[in-house]
Amino acid sequence: MIIKDERGMLEAGRQLAKQLKSGMLVYLEGDLGAGKTTLVRGVLNGLGHAGAVKSPTYNLVEPYTIKDQAVFHFDLYRLVEAEELEYMGLRDYLNNQAICFIEWPEKAGGLLPEPDLLIKINIYGSQRELLISKP
Ligand code: ADP
Ligand code: MG
């Protein structure tokens, strides 16, 4: 799917929100600035979140509770070593009914389980190609 601009990415996120179910793990792959966080912003908005959505770059994870549904948005870009994930209690985040989005899953060095959805975003100038698969 080709996404023309930031608004289109937010809309794609809102559409994606309709397909999500409790406990789903979603990987987001794509270069810096691809639109991973923008897509998550659209998803959270689609789920009913009205407040701000900040990039979790500095604290690795941002938690949300939307209509009793827990959502965790991870950004592992600044992860120094995969073991950090153990210290932060990754398993507790993944082992419940929460929906988890993970930017830069490749930084986890194999510590993460397989995702339910794999989203890849490729950059073509101001456009984005959105690829969604179920591995
Ligand atoms: P990431 O989380 O992948 O690093 P962000 O979502 O934080 O990326 O940032 C994406 C940036 O790209 C934003 O500044 C956004 O305005 C810009 N942008 C330009 N065109 C698009 C597009 N078609 N889709 C999404 N974002 C776009
Ligand atoms: Mg981001």
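Novice: Looking at this model, I keep getting lost on the overall build of the chain. Mind explaining?
Specialist: For the chain, the count of helices and strands is four helices and seven strands. Ordered by position from the N terminus, the helices and strands of the chain form the series β-α-β-α-β-β-α-α-β-β-β. In terms of overall size, the chain behaves like a compact globule, its C-alpha atoms giving a radius of gyration of 14 Å where 135 residues would be expected to give roughly 14 Å. Summarising its shape, the C-alpha atoms of the chain cover approximately 40 × 30 × 30 Å along the three principal directions. Expressed as a percentage of the 135 residues in the chain, the buried residues total 47%. Sequence separation of at least 24 residues holds for 63% of the intrachain contacts in the chain that already meet a minimum separation of 6.

Novice: Looking at this structure, how should I read the packing of helix α1 (residues 6–17) against helix α2 (residues 36–47)?
Specialist: A pair of packed helices is characterised by two quantities: the angle between their axes and the separation of those axes. It is at 7 Å that the axes of α1 and α2 come closest, and there the two elements cross at 50 degrees. Of the possible angle classes, the one that applies to α1 and α2 is oblique. Handedness of the crossing formed by α1 with α2: right-handed. Note on element contacts: α2 touches α1 through Thr-38, Leu-39, Arg-41, Gly-42, Val-43, Asn-45, Gly-46 and Leu-47, opposite Glu-6, Met-9, Leu-10, Ala-12, Gly-13, Arg-14, Leu-16 and Ala-17. Among the residues making up the contact of α1 with α2, the classes are represented as eight nonpolar, five polar and three charged.

Novice: Is there a simple way to explain the coordination of the magnesium ion (ligand 2) in this structure?
Specialist: Reference values for angles at a metal are 109.5 degrees in the four-donor tetrahedral case and 90 or 180 degrees in the six-donor octahedral case. Within the protein, the magnesium ion (ligand 2) binds to Thr-37 (OG1) and Glu-103 (OE); these donor distances fall in the range 2.1 to 2.3 Å. Of the two residues, Thr-37 sits in helix α2 while Glu-103 sits in strand β5 (residues 99–103), which places them 66 residues apart along the sequence.

Novice: Help me out: how do you make sense of the packing of aromatic side chains in this one?
Specialist: Two aromatic rings are characterised by how far apart their centres lie and by the angle between their planes. On inspection of all chains with the given rule, the structure shows three aromatic pairs. Summarising the aromatic geometry, the rings of Phe-72 and Tyr-93 are spaced 4.7 Å apart at their centres and angled 80 degrees between planes, so their arrangement reads as edge-to-face. With a gap of 21 residues between them, Phe-72 in strand β4 (residues 69–75) and Tyr-93 in helix α4 (residues 90–94) connect regions that are remote in the sequence. Ring plane angle 85 degrees and centroid distance 5.2 Å describe the contact between Phe-74 and Tyr-93, whose orientation is recorded as edge-to-face. A residue pair is termed long-range when its members are at least 10 positions apart, and Phe-74 in strand β4 and Tyr-93 in helix α4 qualify at 19 residues. Aromatic ring contacts, followed pair by pair, group Phe-72, Phe-74 and Tyr-93 into a single cluster.

Calculation criteria
Residues numbered from 1 in each chain as written. Chains lettered and ligands numbered in written order. Predicted model: local features only at pLDDT ≥ 70, side-chain atom pairs only at ≥ 80, totals over all residues. Heavy atoms only, no water. Helix = DSSP H or I, 4+ residues; strand = E, 2+ residues; numbered from the N terminus. Rg over C-alpha atoms; globule rule 2.2 N^0.38 Å. Buried < 20%, exposed > 50% of the residue type's maximum accessible area, 1.4 Å probe, protein only. Contact = heavy atoms within 4.5 Å. Axes fitted to C-alpha atoms, helices over the stretch in contact; angles between N-to-C directions. Parallel < 35°, antiparallel > 145°, perpendicular 65-115°, else oblique. Left-handed = near helix turned anticlockwise from the far one by under 90°. Nonpolar A, V, L, I, M, F, W, Y, C, P; charged D, E, K, R; others polar. Donors = N, O, S within 2.8 Å, 3.2 Å for Na, K, Ca; no water. Phe/Tyr/Trp six-rings, centres within 6.5 Å; stacked < 30°, edge-to-face > 60°.

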